Amino acid sequence: ALVEFVTDQLPGTPSRKVPQQFGARIVSGGFCGAVLGTVGGSMIGGSLKPDLYPVYARYLVRWVQAFAAAGVPLRYLTIQNEPGFEPKDYPGMIWPAAGRARFIANDLGPALERAKLGTEILDWDHNWDKPEEPLGVLGDPKARRYVAGVAWHCYGGEVAALEHPDQGLLRPVR
């Protein structure tokens, strides 16, 4: 239904082939894995239980497959919107670099590879003010193998975070 809404509501578009017609690259992200279960036992706050990483990876692969089946292939996927922010009054969770690296290396990366969807992973999906977070994931050789780049929000920190001499992956994806 979401895919139908997004593609059917674009002005003058007769089909779901909109992204391909205009050369668009679609990025999607998991908003909140907390609905599966957090260490804190609530959908508000905490962090995803590591034993649920394989379940969340399967969910994200099915998400990508559903978009593809509807004619909207996802080029990139982020695993969590704003993993450095722990909301106090709505569902969300914190997800430190070590946990994200483990999830990408052992669960999501291999699952996407097996599914052969062509969707690539972008880490972080958060502000410029904590470049050490994506660098923590990129510093893990197993995780880095699956990470195509870093998704950035520009409403916190400075753009200088992208100027890391050794990390071309910190640049926004084109």
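Residues numbered from 1 in each chain as written. Predicted model: local features only at pLDDT ≥ 70, side-chain atom pairs only at ≥ 80, totals over all residues. Heavy atoms only, no water.

## Topic: the environment of E82
Then step 1. Along the chain, the position of E82 falls in the loop between β2 (74-78) and α4 (97-115).
Then step 2. Sequence separation between E82 and M93 is 11 residues; the distance between their C-alpha atoms is 8.6 Å.
Then step 3. Excluding its chain neighbours within four sequence positions, the residues that come into contact with E82 are M93, D125, H126, H153 and Y155.
Then step 4. Within the structure, the side chain of E82 is placed 2.2 Å from the side chain of Y155, a separation counted as a polar contact. (Helix = DSSP H or I, 4+ residues; strand = E, 2+ residues; numbered from the N terminus. Contact = heavy atoms within 4.5 Å. Polar contact = N/O pair within 3.5 Å; in protein donor to acceptor, adjacent residues only side chain to side chain.)

## Considering the environment of L52
Then step 1. Within the secondary structure, L52 sits in the loop between β1 (26-29) and α3 (53-69).
Then step 2. Residue L52 is classed as buried on the basis of its relative accessible area of 17%.
Then step 3. A sequence separation of 51 residues divides L52 from F103, and the C-alpha atoms of the two residues are 9.7 Å apart. (Buried < 20%, exposed > 50% of the residue type's maximum accessible area, 1.4 Å probe, protein only.)

## Points about α3
Then step 1. Spanning 17 residues, α3 covers 24 Å between terminal C-alpha atoms, matching the ideal 24 Å at 1.5 Å per step.
Then step 2. For α3, the complete set of buried residues consists of Y53, Y56, A57, L60, V61, V64 and F67. In an axial view of α3, the angular spread of the buried residues amounts to 140°, which keeps them on one side of the axis. Opposite the packed face of α3, turned more than 90 degrees from it, sit the exposed residues R62 and A69.
Then step 3. In the stretch just after α3, G71 is the one whose phi turns positive, near 90°. (Expected span 1.5 Å × (residues − 1). Arc of directions from axis to C-beta.)

## A short note on the packing of aromatic side chains
Then step 1. Following the criterion strictly, the structure yields 8 aromatic pairs and no others.
Then step 2. Between Y53 and W95 the ring centres are 5.6 Å apart and the planes differ by 45°, which places this aromatic pair in the tilted class. One end of the pair, Y53, is in helix α3; the other, W95, is in the loop between β2 and α4, and 42 residues separate them in sequence. As far as burial versus exposure is concerned, Y53 and W95 are alike and both buried.
Then step 3. Of the aromatic side chains, those joined through ring pairs into one cluster are Y53, Y56, Y59, W63, F67, W95 and F103. (Phe/Tyr/Trp six-rings, centres within 6.5 Å; stacked < 30°, edge-to-face > 60°.)

## Thoughts on the confidence of the model for the chain
Then step 1. Residues with a pLDDT of 70 or more make up 72% of the chain, whose mean pLDDT is 79.
Then step 2. Mean pLDDT per element in the chain: helix α1 (residues 2-8) is the minimum at 40, and α4 is the maximum at 97. (pLDDT = per-residue confidence, 0-100.)

## Here's the deal with α4
Then step 1. Largest kink in α4: about 50°, centred on I104.
Then step 2. With its phi angle positive at about 55°, K116 sits one or two positions after the end of α4. (Bend = angle between axes of the 7 residues up to and from the residue.)

## Points about the side chain of D107
Then step 1. As for its position among the elements, D107 is in helix α4.
Then step 2. Apart from residues no more than four positions distant in its own chain, D107 is found in contact with Y53, P54, A57 and R102.

## Topic: the pairing of strand β3 (residues 120-127)
Then step 1. Burial analysis of β3 places 7 of its 8 residues in the buried class, the great majority of the element.
Then step 2. Where β2 lies against β3, 3 bridges are found, and the strand directions are parallel. Residue pairing in the sheet places Y76 in a bridge with E120 of β3.
Then step 3. In this region the chain leaves β2, passes through α4 and returns to the parallel neighbour β3; the handedness of that crossover is right-handed. (Pairing = 2+ DSSP bridges. Right-handed = clockwise from strand over helix to strand, strands pointing away.)

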